[in-house]
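A look at the structure
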Amino acid sequence: MFKSKKVLTLAIVMVLALSLAVTGCSNDAKDEEANSGNEKATTEKSGEKAEIDIFQFKVEIAKELEEAAKAYEEENPNVKINIQTVGGGDDYGAALKAAFQSGNEPDIFNVGGPQDIKDWMDKLEDLSDQPWVDKALEGVLSGATVDDKVYALPFNLEGYGFVYNTEIFKAAGIDAEKIVDFKSLEEAVKTLDKKIKDGELEEEFPLLESVFEFPAKETWITGLHTSNVALGQEFDSSIEAFNAEEVEFKYGDSLKKIIDLQADYSMHRDDKQKLNAVDYTTQAEEGIAIERVAIIQQGNWVYGLVEGVDEEVAEKLDILPIPLEGGKEDSIPVGVPMHWVVNKDSDDAVKDAAKDFLNWLYTSEKGKEYVVNEFHFIPPLTGYEDLEVEDSLGRAVSRYAEAGKTTPWVFMGYPTAWGMEGLGNNIQKYLSGEFTWEQVISESQAQWKEMR
């Protein structure tokens, strides 16, 4: 039986306090204070019309965010909200830069951690006076704080690992609870692979083709998330990664094993360059959601996509650790994936409305319902104690957090574009045979120094 949101909140506080190495803001503010601040802001702008353009990256909540915006518009008829979503297989960072260069600057957009905050500082509105700031969990604002000023609202808290189908594992006779290190994971994968090849699972899972789907086309998966498994144990926090002039790749060989395991037990094991054409949709909606594969490297954010295909499959999902041999193995990375920011160059009335919308979304009773029940987010703020984590993958992240089996997200501190355009591309070259693993490491080290 999973514990309440209150217990999860306490667990996440401990995780972030240990991993981020920076103190966050006070959690003492009452819900009533935030709501009264929201009502005051709404009253103050009630006589002005404002049109907010939002440019956001999270494809998993595109529809639900539209619905939340409409609910806000009903309460605030003088405000119109336009939302553009660019993410998944598309490069959000490049698209955002293009939007600004074209002169179509959004009023609300997304940034990552310390590196993004530095890159976009000239466009960021100071949000230190917003009601939600005093409700932030300890540590979650560290990546968005410069000189004691808060410039961004964290999206949520997320965790990722090897998302797997529990029913497939049961049918194969594999006890997932015994998978606590790389050796036990490798043994389970080999067992499952043999049973798939022998046709033992075909009657119950007729579409099941392979153990993994490895979307190497998505360099945000390989160059950011997969690499973070190793670099999240080389650096203590995104701040430390941000300040690092060089990267050692202390666990480079163990990172190779994680990549090889996914590639070797995918449909394209015999022609791995084809993995470079496999995308997020193929992995999630056309992979694990239809039970064509048993395991994918993803996080709790994928629940909504799978649910949209098959609700029953979504509830079969759980998360295995991504075990880093020689490091902390029985754990998953947990952190803040992205932030909301307000364009400081937008008109004052628009900025006021943009701030009010974000505050409404994360502190009003209706907004919080969207955040937890529709977005499937683990909130970064207090005040959600009465809302339970309901989806299978959110519960899985809760379980790891409560047990203290987590490592930090440090990829937000990578040099700009290094993870995707540097390391991610180098991993593609490795899969195609153009690079040896040694070349992946040496080239990525050189690119880190150059890009930093």
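Residues numbered from 1 in each chain as written. Predicted model: local features only at pLDDT ≥ 70, side-chain atom pairs only at ≥ 80, totals over all residues. Heavy atoms only, no water.

Section: the overall build of the protein
Short version of the rule: Counting from the N terminus, the helices are the DSSP runs of H or I reaching at least four residues and the strands are the DSSP runs of E reaching at least two. Throughout, exposure labels follow a simple rule: accessible area from a 1.4 Å probe, protein chains only, divided by the maximum for the residue type, with under 20% read as buried, over 50% as exposed, and the rest as partly exposed. Contacts: residue pairs with any heavy atoms within 4.5 Å of one another. The Shrake-Rupley method, run with a 1.4 Å probe sphere, supplies the accessible areas, and residue values consider only the shown protein chains as cover.
What the protein contains, in helices and strands, is 18 helices and 13 strands. By the burial criterion, 58% of the 452 residues in the protein qualify as buried. Long-range pairs, those at least 24 residues apart, make up 78% of the contacts in the protein with a sequence separation of at least 6. If you sum the accessible surface of the protein, you get close to 18,400 Å²; carbon and sulfur atoms cover 44% of it.

Observations regarding the pattern of salt bridges
Note the following rule: Any Lys or Arg side-chain nitrogen located within 4 Å of an Asp or Glu carboxyl oxygen qualifies as a salt bridge.
Evaluation of the coordinates by the stated rule reveals 25 salt bridges. As a salt-bridge pair, K123 and E105 come within 3.0 Å of each other at their nearest N and O atoms. A residue pair is termed long-range when its members are at least 10 positions apart, and K123 in the loop between helix 5 (114-120) and strand 4 (145-146) and E105 in the loop between helix 4 (92-101) and strand 3 (108-111) qualify at 18 residues. With relative accessibility at 19%, the residue K123 sits in the buried group. A cluster of three or more residues bridged by salt bridges with shared partners is formed by E125, D348, K351 and K355.

Quick look at the nonpolar core
Under the convention used in this document: Note on terminology: a nonpolar core comprises buried Ala, Val, Leu, Ile, Met, Phe, Trp, Tyr and Cys residues joined through side-chain atoms within 4.5 Å.
With 144 residues, the main nonpolar core has F109, L192, F357 and Y362 as its most contacted residues. Sorting elements by how many residues they give to this core places helix 14 (residues 348-363) first, with eight residues. Aside from chain neighbours lying at most four places away, what touches L192 is I168, F169, A172, I174, L201, V211 and A294.

Considering the layout of surface pockets
By rolling a water-sized probe across the atoms, one finds the places where empty space is left. Short version of the rule: Residues are called lining when one of their atoms sits within 4 Å of a cavity or pocket point, these points coming from a 1 Å grid over the protein atoms alone, where a cavity is a set in which a 1.4 Å probe fits but cannot get out and a pocket is an open set with protein on both sides within 12 Å along at least five of seven lines. Grid points are joined across faces, edges and corners, and a volume is the space filled by probe spheres set on the points. Here the nonpolar group is Ala, Val, Leu, Ile, Met, Phe, Trp, Tyr, Cys and Pro; Asp, Glu, Lys and Arg are the charged ones; every other residue, Gly included, is treated as polar.
As a volume, the largest pocket reaches approximately 1,000 Å³. As for the largest pocket, its lining consists of 44 residues, of which D91, G93, L224, M338 and M420 are closest to the centre. For the lining of the largest pocket, the secondary-structure elements that each account for two or more residues are helix 4, strand 3, helix 5, helix 8 (219-231) and helix 17 (418-432). Grouping the amino acids of the lining of the largest pocket by side-chain chemistry returns 20 nonpolar, 13 polar and 11 charged. Estimates place the volume of the second largest pocket at around 390 Å³. What lines the second largest pocket is a set of 19 residues, among which Y164, A176, E177, D318 and R399 lie closest to the centre. Taken together, the elements giving at least two residues each to the lining of the second largest pocket come down to helix 6 (166-171), strand 10 (317-320) and helix 16 (392-403). By residue class, the composition of the lining of the second largest pocket is 11 nonpolar, one polar and seven charged.

Brief notes about a nonpolar patch on the surface
Worth spelling out the cut-off: Only residues whose relative accessible area exceeds 30% and that take part in no salt bridge are eligible for patches, with like-charged residues grouped when within 9 Å of each other and nonpolar side chains (Val, Leu, Ile, Met, Phe, Trp, Tyr) grouped when within 5 Å.
A surface patch of nonpolar side chains, about 230 Å² in accessible area, is lined by L207, I290 and V309. Tracing the backbone shows L207 in the loop between helix 7 (182-197) and strand 8 (210-212).

Topic: the pairing of strand 2 (residues 79-85)
Filter applied, for reference: By the convention used here, strands pair only if DSSP detects at least 2 bridges between them. Here, the term right-handed applies to a crossover whose path from the first strand over the helix to the second runs clockwise when the strands point away from the viewer.
Pairing between strand 1 (residues 50-56) and strand 2: seven bridges, direction parallel. When the bridges of strand 2 are listed, Q56 appears paired with T85. Taken together, strand 1, helix 3 (residues 62-75) and strand 2 form a β-α-β motif whose crossover is right-handed.

Comments concerning the sheet that holds strand 1
We count it as follows: Where helices are involved, their axes are fitted lines through C-alpha atoms of the stretch in contact, as for all axes, and angles between N-to-C directions lie from 0 to 180°.
Reading across from one edge, 2-1-3-12-6 is the order of the five strands in this open sheet, with mixed pairing throughout. Strands with a single pairing partner mark the edges of an open sheet, and in this sheet they are strand 2 and strand 6 (153-154). Looking at chain direction, strand 1 and strand 3 are connected through two bridges and run parallel. If you follow I54 over to strand 3, its bridge partner there is I108. Packed on one face of the sheet, helix 3 meets strand 1, strand 2 and strand 12 (339-342) and runs near 175° to strand 2. Sheet contacts for helix 14: strand 1, strand 2, strand 3, strand 6 and strand 12; angle to strand 1, the most-contacted strand, approximately 60°.

A few points about helix 16
As a reminder of what qualifies: A helix is expected to reach a length of 1.5 Å times the quantity of its residues less one. Polar contacts here mean pairs of N or O atoms no more than 3.5 Å apart (in protein, one a potential hydrogen donor and the other a potential acceptor; neighbouring residues in sequence count only if both atoms are side-chain atoms).
Taking 1.5 Å per residue as the helical rise, helix 16 with its 12 residues ought to reach 16 Å, and the 17 Å between its terminal C-alpha atoms agrees with that figure. With a side-chain oxygen positioned 3.2 Å from the backbone nitrogen of L393, the residue opening helix 16 is D391. Trailing helix 16 by a residue or two, G404 shows a phi angle of about 75°, which is positive.

What to know about the environment of D352
The residue D352 is located in helix 14 in this model. When its relative accessible area of 39% is taken as the criterion, D352 is described as partly exposed. Through-space distance from the C-alpha of D352 to that of I52 is 10.0 Å; in sequence the pair is 300 residues apart.

Things to note about the pairing of strand 11 (residues 332-335)
Every second residue of strand 11 is oriented toward a common face, with I332 and V334 on one face and P333 and G335 on the other, all of them buried. Pairing of strand 7 (residues 158-165) with strand 11 involves two bridges; the strand directions are antiparallel. In the sheet register, E158 faces strand 11, and the bridge partner there is G335. Direction of pairing for strand 11 relative to strand 13 (residues 406-408): parallel, over a ladder of three bridges. Bridge assignment links P333 to a residue of strand 13, and that residue is T407.

Describing the side chain of E60
Tracing the backbone shows E60 in the loop between strand 1 and helix 3. Among residues more than four places away in sequence, those in contact with E60 are Y280, W301 and L305.

Here we look at the packing of helix 7 against helix 10 (residues 252-264)
In plain terms, the rule: Should an angle fall under 35 degrees it is taken as roughly parallel, and over 145 as roughly antiparallel, whereas 65 to 115 is taken as roughly perpendicular and any remaining angle as oblique.
Here helix 7 crosses helix 10 at 10°, and the two axes come no closer than 11 Å. One element, helix 7, and the other, helix 10, form an angle in the roughly parallel class. Note on element contacts: helix 10 touches helix 7 through K257, I258 and L261, opposite F182, L185, E186 and V189. Here the residues of the contact of helix 7 with helix 10 are counted per class, giving five nonpolar, no polar and two charged.

What to know about the packing of aromatic side chains
Quick reminder of the rule: Working definition: a ring pair exists when centres of Phe, Tyr or Trp rings (six-membered ring for Trp) sit within 6.5 Å. Plane angles under 30 degrees give stacked, over 60 give edge-to-face, the rest tilted. The criterion is that NZ of a Lys, or CZ of an Arg, lies within 6 Å of the ring centre and within 35 degrees of the ring normal, and then a charge sits over that ring.
Within the structure shown, the criterion is met by 26 aromatic pairs. Plain terms: the ring middles of F100 and F109 are 5.2 Å apart, the flat faces sit at 75° to each other, and that makes the pair edge-to-face. F109 matches F100 in its accessibility class, with the two residues each being buried. With a centroid separation of 6.2 Å and an interplanar angle of 40°, the aromatic rings of F249 and W418 are classed as tilted. One end of the pair, F249, is in the loop between helix 9 (238-243) and helix 10; the other, W418, is in helix 17, and 169 residues separate them in sequence. Accessibility classification places F249 together with W418 in one group, the buried group. Each residue in the set Y160, F235, F249, W301, W409, F411, Y414, W418 and W448 is aromatic and connected to the rest through ring pairs, giving one cluster. Sitting over the ring of Y384, K368 keeps its end group 5.4 Å from the ring centre.

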